Amino acid sequence: MSKYSKEEITEIYNMPLLDLVFRAAAVHRMFHDPAEVQVSSLLSIKTGGCSEDCGYCPQSAKYETDVDVHKMLAVRDVMEAASNAKAGGATRMCLGAAWREVRDNSDFDTVLEMVRSITDMGMEVCCTLGMLTESQAKKLAAAGLYAYNHNLDSSEDFYKKIITTRKYDDRLTTIENVRKAKVTVCCGGIIGMGESVDDRIKMLYNLSHLNPQPESVPINALVPVQGTPLEKSKLVSIWEMVRMIATTRIVMSKSVVRLSAGRTQMSLEGQALCFLSGANSIFAGDKLLTTPNPDFNEDIEMLKLFGLKSRAPFKHGKVDTSLEEVSA
Ligand code: SAM
Ligand code: DTB
Ligand code: SF4
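What counts, and where the lines are drawn
- Residues numbered from 1 in each chain as written.
- Chains lettered and ligands numbered in written order.
- Predicted model: local features only at pLDDT ≥ 70, side-chain atom pairs only at ≥ 80, totals over all residues.
- Heavy atoms only, no water.
- Near = heavy atom within 4 Å.
- Nonpolar A, V, L, I, M, F, W, Y, C, P; charged D, E, K, R; others polar.
- Salt bridge = Lys/Arg side-chain N within 4 Å of Asp/Glu carboxyl O.
- Helix = DSSP H or I, 4+ residues; strand = E, 2+ residues; numbered from the N terminus.
- Buried < 20%, exposed > 50% of the residue type's maximum accessible area, 1.4 Å probe, protein only.
- Polar contact = N/O pair within 3.5 Å; in protein donor to acceptor, adjacent residues only side chain to side chain.
- Areas by Shrake-Rupley, 256 points an atom, 1.4 Å probe, with all protein chains shown as cover.
- Expected span 1.5 Å × (residues − 1).
- Disulfide = S-S within 2.5 Å.
- Arc of directions from axis to C-beta.
- Contact = heavy atoms within 4.5 Å.
- Axes fitted to C-alpha atoms, helices over the stretch in contact; angles between N-to-C directions.
- Parallel < 35°, antiparallel > 145°, perpendicular 65-115°, else oblique.
- Left-handed = near helix turned anticlockwise from the far one by under 90°.

### A short note on the site of ligand 3
Near ligand 3 you find C50, E52, C54, Y56, C57, S60, A98 and R166, and these make up its full shell. Class assignment of the residues belonging to the shell around ligand 3 gives a composition of 5 nonpolar, 1 polar and 2 charged.

Structure representation (structure tokens):
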């Protein structure tokens, strides 16, 4: 798989917009079924009160936001949400916890039980629980976990301006631990936090130089939340989102690119351009973790309108090896 230099990624990102969309669409059609979209449902299983200070996040305990702090949900409630999501056409359930890191305690045992139960229902399960050790990653893998979401979020330099309670290297270590456990990696970032185009390019460079590349790359547009340091951020323009999605598609040609947070602020036409530019996954469901997402039925209508269908679960098998690179 070709890997691009920072200069090449910059050139791609800055191409005339329609040329960029055209090239990304061509790459997309070479490596993916363009009629298929991977539909995930997101559920916050433990909400708020997080000890980290991520400047974008309404769940940090350092900021006063409207989030209802909630301890761990019960397994049966999570199962019910998963089965509703499955009935609605979602094939992946993504469970999020507002933790800095996983601890080996009864809450973690509960997560393992959730992973086992939802996998048994025939859905892919993704978790996003903060930092993980190798042994915790292996326990999740043994429970059937399909994917682990842990974002790089921005360039290493910009990261320091947004989060002080952990380092970029901590993120990379967790991603390595996930890899060692043979769980697929879901890793992307956010635009619209005040970062420069160069920060976005550096993030895409870092993501695309992970070996193997992440199977799934979520691109989030910042949802500015009252009470967080980024509450006054200007909404990201759809053209920046299209550029980001298209460039991600070109530099990580085989990965699934997820059009993630921020869709409530996008028109249908804007989202259509994102799908044309290579996005092939969304979060469906009326809520992301704590902020609103488009209405579920409107999303189903949107997919119908665009002629897109939900991708079946486990397309690349129970353990996805489609992006594994043979080392030289
Ligand atoms: N605590 C875990 C962690 O930080 O990895 C998991 C949950 S955290 C909410 C997952 C991701 O959500 C973050 O890495 C960030 O990319 C995204 N996120 C959080 N708040 C956001 C916001 N206001 N707008 C867009 N994306 C956001
Ligand atoms: C990701 O990259 N985006 C999702 C998921 N991974 C966990 C989370 C978006 C969260 C948006 C803010 C909220 O709803 O709290
Ligand atoms: Fe905590 Fe994750 Fe939010 Fe950061 S992004 S404050 S680690 S929940």
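### A look at the pattern of salt bridges
If you walk through the whole model with that rule in mind, you get 17 salt bridges. As a salt-bridge pair, D33 and K309 come within 3.5 Å of each other at their nearest N and O atoms. Residue D33 is found in the loop between α2 (17–31) and β1 (36–46), and its partner K309 is found in strand β10 (residues 309–310); the two are separated by 276 residues along the sequence. Judged by its relative accessible area of 30%, D33 is partly exposed. Residue K309 is classed as partly exposed on the basis of its relative accessible area of 43%. In this structure, the salt-bridge partner of K139 is D104, at a minimum N-O distance of 3.6 Å. With K139 in helix α5 (residues 134–142) and D104 in the loop between β2 (92–97) and α4 (106–120), this residue pair connects regions lying 35 residues apart in the sequence. Beyond isolated ion pairs, a larger network of salt bridges with shared partners links E52, R100, E101, R103 and R166.

### Quick look at the site of ligand 2
If you check the shell around ligand 2, you find L42, P58, T128, N149, N151, P218, N220, F283, L288, L289, T290 and T291 and nothing else. Note that an oxygen atom of ligand 2 is positioned 2.8 Å from one of the side-chain N or O atoms of N220. Between T290 and ligand 2, the recorded distance is 2.6 Å, taken from a side-chain N or O atom to an oxygen atom. Against a free-state accessible area of 410 Å², the protein chains account for coverage of 88% of ligand 2. For the shell around ligand 2, the per-class residue count stands at 6 nonpolar, 6 polar and no charged.

### Description of helix α8 (residues 197–208)
Between its first and last C-alpha, α8 extends 16 Å over 12 residues, near the 16 Å set by a 1.5 Å rise per residue. All of the buried residues along α8 are D199, R200, I201, M203, L204, L207 and S208.

### A closer look at the state of the cysteines
On inspection of all chains with the given rule, the structure shows 0 disulfides. Unpaired in terms of disulfides, C94 finds its nearest cysteine sulfur in C126, a separation of 3.8 Å. The structure places no disulfide on C187, whose sulfur is separated from the nearest cysteine sulfur, that of C186, by 7.6 Å. Classification of C187 as buried rests on a relative accessible area of 0%.

### What to know about helix α1 (residues 6–13)
For α1, the set of buried residues is I9, I12 and Y13. One side of α1 carries all its buried residues, which in axial view fall inside an arc of 95°. Facing away from the buried side of α1 by more than 90 degrees, the exposed set consists of E7 and E11. Buried residues along α1 sit against α2, α8 and α9 (238–251).

### Describing the packing of α5 against helix α7 (residues 168–180)
It is the contact of α5 with α7, at a shortest axis distance of 8 Å, that shows an interaxial angle of 45°. By the angle between their axes, α5 is oblique relative to α7. Here α5 and α7 pass one another in a crossing that is right-handed. When α5 is examined against α7, the residues E134, A137 and K138 are found in contact with a partner set consisting of N177, V178 and K180. Here the residues of the contact of α5 with α7 sort into 2 nonpolar, 1 polar and 3 charged.

### Let's talk about the environment of T164
Following the sequence through the fold, T164 ends up in the loop between α6 (156–162) and α7. For the pair formed by T164 and I201, sequence separation is 37 residues and the distance between their alpha carbons is 22 Å. Among the polar contacts listed, one links the side chain of T164 to the side chain of D53, at a separation of 2.4 Å.

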